[in-house]
Amino acid sequence: MQQKPQRAILVNVIPHFYDREQAMGEFDELTRLIETYGGMVILKIIQRRGRPSAKTFVGEGKAQEIATMVRDLKADVVVINGFLKANQSNHLINIIPCEVLDRFEMILKIFEKHAASPEAKLQLQIAQYKYEFPKLFGKGAILSQQAAGVGVATSAASGGRRAARGPGEKILEVKRRHLKQNIQTMEKKLLQFRQMRELQRQRRQRQNFFTAALVGYTNSGKSSLLKALTKKDVLIEDKLFSTLDTRLGHLYMDGRKIVVADTIGFIQNLPPLLFSSFLATLEEVKEADLVLHVKDASDPKVFEKINVVEDVLAQLKCDTKPRLYVFNKIDLCRPDDIVIFEQTFQEFSPIFVSALQRENLDSLLNALKTPALKSLTY
Ligand SMILES: Nc1nc2c(ncn2[C@@H]2O[C@H](COP(=O)(O)OP(=O)(O)OP(=O)(O)O)[C@@H](O)[C@H]2O)c(=O)[nH]1
Ligand SMILES: [Mg+2]
């Protein structure tokens, strides 16, 4: 997907009562994911159904329709805004004459592109393997059936049912065992990385450094803020999931060292498997003295995204930690919106900045300077 952008058809299945506008809105984020991946959206399809089809996710007729559109529009990939089970994926692949990805696979591909450190690569590989594991059952069923097909002739001759268990099942067993061993080996390696980071964190705690963690929705400007505050050279891109690792920068104020941690961004409906794989990189947030919840103040969906981040913070048990709301990108924002944010989020001491224009960073620095912050509770 490097040179020519892949032509993508997006598909969403929604219940009958679901708001169409909202479903279209969900496509916006999927579109951003596809652009980040290097593709372009050529068509968006919504199907209303009581629930996704157990066999083909969309209805079978709709799957045939999509296949025709793929041929007519020369699409390269169909992306489903949901999570496909192994058998749904297998059936769709048989009907639709191009690559079919679900939301998990789409995000996985972006993570693959962006994983730079050995730890992020390892985490990603574990997530991929774990994802493949149940899928093997689907493929395995087919393999076993094929093998059984061969076996039936022999079984008729031998009159026994056991002959129906063909070589396909054996291959599958070996593959499964191999995959399991690989996951265990990688998890051991990962543990070493985590132990190393834990030691570093303990050292910082002993030295009594104040740590502030930047968290927030993907693309809200966390890395830009880290750079603006600490001059740390980090990757800043108008893409989703540019940062997959925790990166630390530091600054000195009143002779005191303050560590600022940049973290992986959050997203709505992050596949749980990916979330749990990358959870460890968020340990830094758990240990931080202060959480800086960064938001893109110019984003029309900022309220929804605040909720997504708050949910993740609750899952991390960090929702009772002292935290400040940092509204970034105010250079793109209407003054009226700032007043609304100020009133709505008073309890989180909102600060309004532009990392790009270096606007109002002093107020953020002042908040970090307040010695009382360490014992602040909200
Ligand atoms: N206009 C404007 N753009 C900004 C500002 N801060 C960041 N951006 C832009 O927003 C995009 C995302 O910035 P990042 O700092 O990479 O965002 P992030 O939250 O680290 O993103 P992920 O690591 O992908 O989750 C980039 O194109 C930045 O240049 C700002 O204050 N104003
Ligand atoms: Mg980033």
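Below you will find a few notes about this structure.

Cut-off values and rules
Residues numbered from 1 in each chain as written. Chains lettered and ligands numbered in written order. Predicted model: local features only at pLDDT ≥ 70, side-chain atom pairs only at ≥ 80, totals over all residues. Heavy atoms only, no water. Donors = N, O, S within 2.8 Å, 3.2 Å for Na, K, Ca; no water. Helix = DSSP H or I, 4+ residues; strand = E, 2+ residues; numbered from the N terminus. Buried < 20%, exposed > 50% of the residue type's maximum accessible area, 1.4 Å probe, protein only. Near = heavy atom within 4 Å. Polar contact = N/O pair within 3.5 Å; in protein donor to acceptor, adjacent residues only side chain to side chain. Nonpolar A, V, L, I, M, F, W, Y, C, P; charged D, E, K, R; others polar. Pairing = 2+ DSSP bridges. Axes fitted to C-alpha atoms, helices over the stretch in contact; angles between N-to-C directions. Contact = heavy atoms within 4.5 Å. Core = buried A, V, L, I, M, F, W, Y, C linked by side-chain atoms within 4.5 Å. Right-handed = clockwise from strand over helix to strand, strands pointing away.

Turning our eyes to something else, we now look at the coordination of the magnesium ion (ligand 2). Surrounding the magnesium ion (ligand 2) are the protein donor atoms Ser223 (OG) and Thr243 (OG1), which sit 2.0 to 2.1 Å from the metal. One end of the pair, Ser223, is in helix H7 (residues 222–230); the other, Thr243, is in the loop between H7 and strand S6 (247–253), with 20 residues separating them in the sequence. Of the two residues examined, Ser223 and Thr243, each falls in the buried class.

What follows covers the site of ligand 1. The full set close to ligand 1 counts 23 residues, and Lys222, Ser224, Ser242, Thr243 and Asp331 are the nearest of them. Backbone polar atom of Ser242 to an oxygen atom of ligand 1: 2.7 Å apart, as the coordinates give it. Within the side chain of Ser354, a nitrogen or oxygen atom sits 3.0 Å from an oxygen atom of ligand 1. In terms of residue count, the dominant contributor to the shell around ligand 1 is H7 (three residues). Classifying every residue of the shell around ligand 1 gives six nonpolar, eleven polar and six charged.

The subject of this paragraph is the sheet that holds strand S3 (residues 77–80). Strand pairing in a sheet relies on backbone hydrogen bonds. The paired strands run either parallel or antiparallel. Reading across the sheet, the four strands line up as S2-S1-S3-S4 and stay open at both edges, with parallel pairing between neighbours. Two strands in the sheet have a free side with no partner beyond their single neighbour: strand S2 (39–48) and strand S4 (99–102). Each neighbouring strand pair of the sheet contributes to a mean axis angle of 25°, computed without reference to strand direction. Of the pairings in the sheet, the one linking S3 to S4 comprises four bridges and is parallel in character. Bridge pairing links Val79 to Leu101 in S4. Contacting S3 and S4, helix H4 (residues 103–114) runs over the sheet at an angle of about 95° to S4.

A word on the sheet that holds strand S8 (residues 290–296). Reading across the sheet, the six strands line up as S6-S7-S5-S8-S9-S10 and stay open at both edges, with mixed pairing between neighbours. The open sheet has two edge strands, S6 and strand S10 (351–352), and neither has a second partner. Sheet topology places strand S5 (residues 210–216) next to strand S7 (residues 256–262); five bridges connect them, and they run parallel. By the bridge assignment for S7, Ala213 is matched with Ala261. Sheet strands in contact with helix H10 (residues 302–315) are S5, S8 and strand S9 (323–328), and its direction is about 155° off that of S8.

Quick look at unusual backbone geometry now. Here Lys74, not a glycine, exhibits a phi torsion of approximately 55°, which is positive. Mapped onto the elements, Lys74 comes out in the loop between helix H2 (60–73) and S3. The class of Lys74 is exposed, set by a relative accessible area of 61%. For Asn360, which is not a glycine, the phi torsion comes out positive at approximately 65°. Position of Asn360 relative to the elements: it lies in the loop between S10 and helix H12 (361–369).

Turning next to the nonpolar core. Membership of the largest hydrophobic core comes to 49 residues, with the highest contact counts inside it found for Leu33, Phe111, Phe241 and Leu274. Residues Leu225, Ala228, Leu361 and Leu368 belong to the second largest nonpolar core, which totals 24 residues.

Take the pairing of S3 next. Here S3 shows two buried faces, one formed by Val77 and Val79 and the other by Val78 and Ile80. Examined bridge by bridge, strand S1 (residues 6–14) and S3 share four bridges and lie parallel to one another. Residue Val11 lies in a different strand from S3, and its bridge partner there is Ile80. For the crossover that starts at S3, traverses helix H3 (residues 86–95) and ends in the parallel S4, the hand is right-handed.

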